[in-house]
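A structural walkthrough
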Amino acid sequence: MKIELRNDDVLQVRAATVHQGYRTREHTLYDWFMLADKIFERYNFPCTLAILAEGVLEAKQNPTYKNWVEHIKKNKHRYTIELHGLHHSHPSELTIEELRQDLSAGKEILENEFQTEITTWYVPFGRRYQSPYGREICLELGLNYDKFLGNIGTEHWLKSYEKHGQSPYEQINFHYWHKEQVENVEKIIKICLQTPAPN
C-alpha cells in the first residue's frame, strides 16, 4: 500500500497554538521531532516534511536548530522537503504582498539550505485560515497549492482502514509534536509495509 505521510510544522521556532504550548512543556519541538523521526528511520519509510523556513534562520544563532537543520540534511534521502511558510502565521491575516514575501522568502531559504526544489506550499492551519491570494501567489512562484487543503489526519485514516480494509486518502498529515498522532503514524506504517502493493 502506497501512502504519503506529511509531517507538519518542521523547524517551527515557537508554539503557535495552546495545544502545542502544552506539548512543549514535556519536550522541545526539536526533541518531539527526533522522537517521531526515529520511527521513520526504524522502518526506513519516506516522509514529506512541511518546513517553516524561520527555523533555518534560527539555526544561525541557536545550536539546537543548527542540529535540527543538519539532521534533515544528513537524512535528506528519506525526505521530500516542502514549504509550510516562512513563519507559522495565519495566511488569512496577511495582505497579498505580505503573503508573497512570506512564500517567496521561505521557498528561497529552503531551496538554498537544502539544495532541493520546493514544489508545494502546504498551508498552515489548513482550510480554516487559507488566504484568498494563496493560489494566485503559488502560480506566480511556480508552486503547487496544497494537495488536499484539509486535515486528513491519522485517526481519520485508521478509522477508514479499519472499516473498509483500505483508505481512500493518499496523503496523511500529522504533527510530530502530537504524541497520539505519532503513535498512529507507526500503526499506519506497519499496515503499509504488510500490505502488498496493487498489481
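See the structure shown above.
Residues numbered from 1 in each chain as written. Predicted model: local features only at pLDDT ≥ 70, side-chain atom pairs only at ≥ 80, totals over all residues. Heavy atoms only, no water.

**Side note on the environment of Ser 160**
- For Ser 160, the position within the fold is in helix 7 (residues 154–164).
- In this structure Ser 160 touches Gly 165, Gln 166, Ser 167, Pro 168 and Tyr 169, once residues within four positions along its chain are discounted. (Helix = DSSP H or I, 4+ residues; strand = E, 2+ residues; numbered from the N terminus. Contact = heavy atoms within 4.5 Å.)

**Examining the nonpolar core**
- Counting 53 residues, the largest nonpolar core has Leu 11, Trp 68 and Ile 72 as its most contacted members.
- In terms of residue count, the dominant contributor to this core is helix 2 (residues 29–43) (seven residues). (Core = buried A, V, L, I, M, F, W, Y, C linked by side-chain atoms within 4.5 Å. Buried < 20%, exposed > 50% of the residue type's maximum accessible area, 1.4 Å probe, protein only.)

**A word on the environment of Leu 5**
- Within the secondary structure, Leu 5 is located in strand 1 (residues 4–10).
- For Leu 5, a relative accessible area of 1% corresponds to the buried category.
- Considering only alpha carbons, one finds Leu 5 and Pro 46, 41 residues apart in sequence, at a separation of 7.7 Å.
- Contacts of Leu 5, omitting those with residues within four sequence positions, involve Phe 40, Phe 45, Cys 47, Thr 48, Ile 172, Phe 174, Val 185, Ile 188 and Ile 189.

**Remarks on the packing of helix 2 against helix 8 (residues 179–194)**
- Running from N to C, helix 2 and helix 8 point in directions that differ by 5 degrees, and their axes come no closer than 11 Å. Our classification of the angle between helix 2 and helix 8 gives roughly parallel. Counted together, Trp 32, Ala 36, Ile 39, Phe 40, Arg 42 and Tyr 43 of helix 2 and Lys 179, Val 182, Val 185, Glu 186, Ile 189, Lys 190 and Leu 193 of helix 8 form the full contact between these two elements.
- For the contact of helix 2 with helix 8, the per-class residue count stands at nine nonpolar, no polar and four charged. (Axes fitted to C-alpha atoms, helices over the stretch in contact; angles between N-to-C directions. Parallel < 35°, antiparallel > 145°, perpendicular 65-115°, else oblique. Nonpolar A, V, L, I, M, F, W, Y, C, P; charged D, E, K, R; others polar.)

**Overview of helix 6 (residues 134–141)**
- Within helix 6, the full set of buried residues consists of Gly 134, Ile 137 and Cys 138. End-on, the buried residues of helix 6 take up no more than an arc of 105 degrees, which puts them together on one face. Opposite its buried face, helix 6 presents the exposed residues Arg 135 and Leu 139, each directed more than 90 degrees away.
- Of the surrounding elements, those touching the buried residues of helix 6 are helix 5 (96–114), strand 4 (120–121) and strand 5 (144–145).
- Backbone geometry just after helix 6 places Gly 142 at a positive phi near 70 degrees. (Arc of directions from axis to C-beta.)

**Points about the pairing of strand 2 (residues 47–52)**
- Taken across its six residues, strand 2 has six buried, putting it largely inside the fold.
- What you see with strand 2 is no split at all: Cys 47, Leu 49 and Ile 51 on one side and Thr 48, Ala 50 and Leu 52 on the other are buried throughout.
- Two elements, strand 1 and strand 2, share three bridges in a ladder whose sense is parallel. In the sheet register, Asn 7 faces strand 2, and the bridge partner there is Leu 49.
- When strand 2 meets strand 3 (residues 79–85), the two strands line up parallel, connected through six bridges. Bridge pairing links Thr 48 to Thr 80 in strand 3. (Pairing = 2+ DSSP bridges.)

**Focus on the packing of aromatic side chains**
- For the structure on display, the rule yields nine aromatic pairs.
- Taken together, a centroid distance of 5.9 Å and an interplanar angle of 85 degrees make the contact between Trp 68 and Tyr 176 edge-to-face. Here Tyr 176 lies in the loop between strand 6 (171–175) and helix 8 and Trp 68 lies in helix 4 (residues 63–74), a separation of 108 residues in the sequence. Accessibility assignment for this pair places Trp 68 and Tyr 176 in one class, buried.
- Where Trp 121 meets Tyr 145, the ring centres are 5.7 Å apart and the plane angle is 55 degrees; that geometry is what we call tilted. With Trp 121 in strand 4 and Tyr 145 in strand 5, this pair connects stretches of sequence that are 24 residues apart. For the pair shown, Trp 121 and Tyr 145 are each scored as buried. (Phe/Tyr/Trp six-rings, centres within 6.5 Å; stacked < 30°, edge-to-face > 60°.)

**Things to note about the side chain of His 88**
- Residue position: His 88 is located in the loop between strand 3 and helix 5.
- The class of His 88 is buried, set by a relative accessible area of 16%.
- In terms of polar contacts, His 88 uses its side chain to reach the side chain of Asp 9, at 2.9 Å.
- In contact with His 88, not counting residues within four places along its chain, are Asp 9, Gln 12, Ala 16, Leu 52, Glu 54, Pro 124 and Phe 125. (Polar contact = N/O pair within 3.5 Å; in protein donor to acceptor, adjacent residues only side chain to side chain.)

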